[in-house]
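Each chain, letter by letter, is given below.
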Amino acid sequence: MQKMTREEKDRQIKKEAKWTFGLFVLCAVWHVGFGYGLSGHTDITLWGLPLWWILSVPGLFVLGVVGVIFLLKKVFVDFDLEDLPEEKAETARIIAEFEAKGDRAAASSEEKEAEANEQ
């Protein structure tokens, strides 16, 4: 398992998402291309099934499996989603600041609401 900074993790997650979406688009184009592209244009059959069906349906399964194996071996990286200790401290500080701002904003809106009710 690799140790990565938050920025490296974000970059890797985006890379994996882009490659996965690319495989999805390739599978969709493959399925529609062979399903509609060859349908009615060829009389070739295999085991009594038209070539367009064999390439479109079982062929899509094979393409998907090969694509996922490629993604797992070449694109995806095993890393821990938890922050490193120094990043945890920074994250805790940012959350505390955010919550403090939220508490001040909530308090000021409650004061405004109380003033409006008094009038």
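Quick caveat, the model's predicted, so the values are computed rather than measured.

## Quick notes on helix α1 (residues 6-37)
Point 1. Helix length check: α1 (32 residues) gives 45 Å between terminal C-alpha atoms against 46 Å at 1.5 Å per residue, within 8%.
Point 2. Among all positions of α1, only Lys 9, Gln 12, Glu 16, Leu 23, Cys 27 and Gly 35 are buried.

## Focus: the packing of aromatic side chains
Two aromatic rings, taken as a pair, are described by how far apart their centres are and by the angle between their planes.
Point 1. Summed over the entire model, instances satisfying the criterion amount to 2 aromatic pairs.
Point 2. Their ring planes at 45° and their centres at 5.7 Å tell us that Trp 19 and Phe 70 sit as a pair that is tilted. Residue Trp 19 is located in helix α1, and its partner Phe 70 is located in helix α3 (residues 58-75); the two are separated by 51 residues in the primary sequence.
Point 3. Between the aromatic rings of Phe 21 and Phe 24, the centroid separation amounts to 6.2 Å while the plane-to-plane angle is 35°, which identifies the pairing as tilted. Taken together, the residues Phe 21 and Phe 24, both in helix α1 and 3 residues apart, mark about one turn of the helix.
Point 4. The exposure class assigned to Phe 21 is exposed, which follows from its relative accessible area of 55%.

## Quick word on the packing of α1 against α3
Point 1. Where α1 contacts α3, the two axes come as close as 10 Å, and the packing angle between them is 165°. The pairing of α1 with α3 is recorded here as roughly antiparallel in orientation. Remark: the crossing between α1 and α3 carries right-handed chirality. Each of Gln 12, Lys 15, Glu 16, Trp 19, Thr 20, Leu 23, Leu 26, Cys 27, Trp 30 and His 31 in α1 lies in contact with α3, whose residues at this interface are Gly 59, Leu 60, Leu 63, Gly 64, Gly 67, Val 68, Phe 70, Leu 71 and Val 75.

## Examining the side chain of Glu 16
Point 1. Here Glu 16 is to be found in helix α1.
Point 2. Lys 15 is the oppositely charged side chain nearest to the buried, salt-bridge-free Glu 16, at an N-O distance of 7.8 Å.
Point 3. Among the polar contacts listed, one links the side chain of Glu 16 to the side chain of Gln 12, at a separation of 2.9 Å.
Point 4. Among the polar contacts made by the side chain of Glu 16, one reaches the main-chain amide nitrogen of Val 77 at a distance of 3.1 Å.
Point 5. Residues contacting Glu 16, with those up to four places away along its chain left out, are Val 75, Phe 76, Val 77 and Phe 79.

## Describing the environment of Gly 22
Point 1. Within the fold, Gly 22 resides in helix α1.
Point 2. The exposure class of Gly 22 is partly exposed, given its relative accessible area of 35%.
Point 3. When the C-alpha positions of Gly 22 and Gly 67 are compared, they lie 9.9 Å apart, and in sequence the two are 45 residues distant.

## Examining the nonpolar core
Generally speaking, soluble globular proteins have nonpolar side chains that are buried together.
Point 1. Counting residues in hydrophobic clusters, the biggest one holds 5 residues: Leu 23, Cys 27, Leu 63, Leu 71 and Val 75.
Point 2. For this core, the secondary structure elements donating two or more residues are α1 and α3.
Point 3. The dominant element in this core, judged by the number of residues it contributes, is α3, at 3 residues.
Point 4. In contact with Leu 71, not counting residues within four places along its chain, are Trp 19, Thr 20, Leu 23 and Phe 76.

Cut-offs and rules
- Residues numbered from 1 in each chain as written.
- Predicted model: local features only at pLDDT ≥ 70, side-chain atom pairs only at ≥ 80, totals over all residues.
- Heavy atoms only, no water.
- Helix = DSSP H or I, 4+ residues; strand = E, 2+ residues; numbered from the N terminus.
- Expected span 1.5 Å × (residues − 1).
- Buried < 20%, exposed > 50% of the residue type's maximum accessible area, 1.4 Å probe, protein only.
- Phe/Tyr/Trp six-rings, centres within 6.5 Å; stacked < 30°, edge-to-face > 60°.
- Axes fitted to C-alpha atoms, helices over the stretch in contact; angles between N-to-C directions.
- Parallel < 35°, antiparallel > 145°, perpendicular 65-115°, else oblique.
- Left-handed = near helix turned anticlockwise from the far one by under 90°.
- Contact = heavy atoms within 4.5 Å.
- Lys, Arg positive; Asp, Glu negative; His and termini not counted.
- Salt bridge = Lys/Arg side-chain N within 4 Å of Asp/Glu carboxyl O.
- Polar contact = N/O pair within 3.5 Å; in protein donor to acceptor, adjacent residues only side chain to side chain.
- Core = buried A, V, L, I, M, F, W, Y, C linked by side-chain atoms within 4.5 Å.

In short, geometric facts, not functional conclusions.
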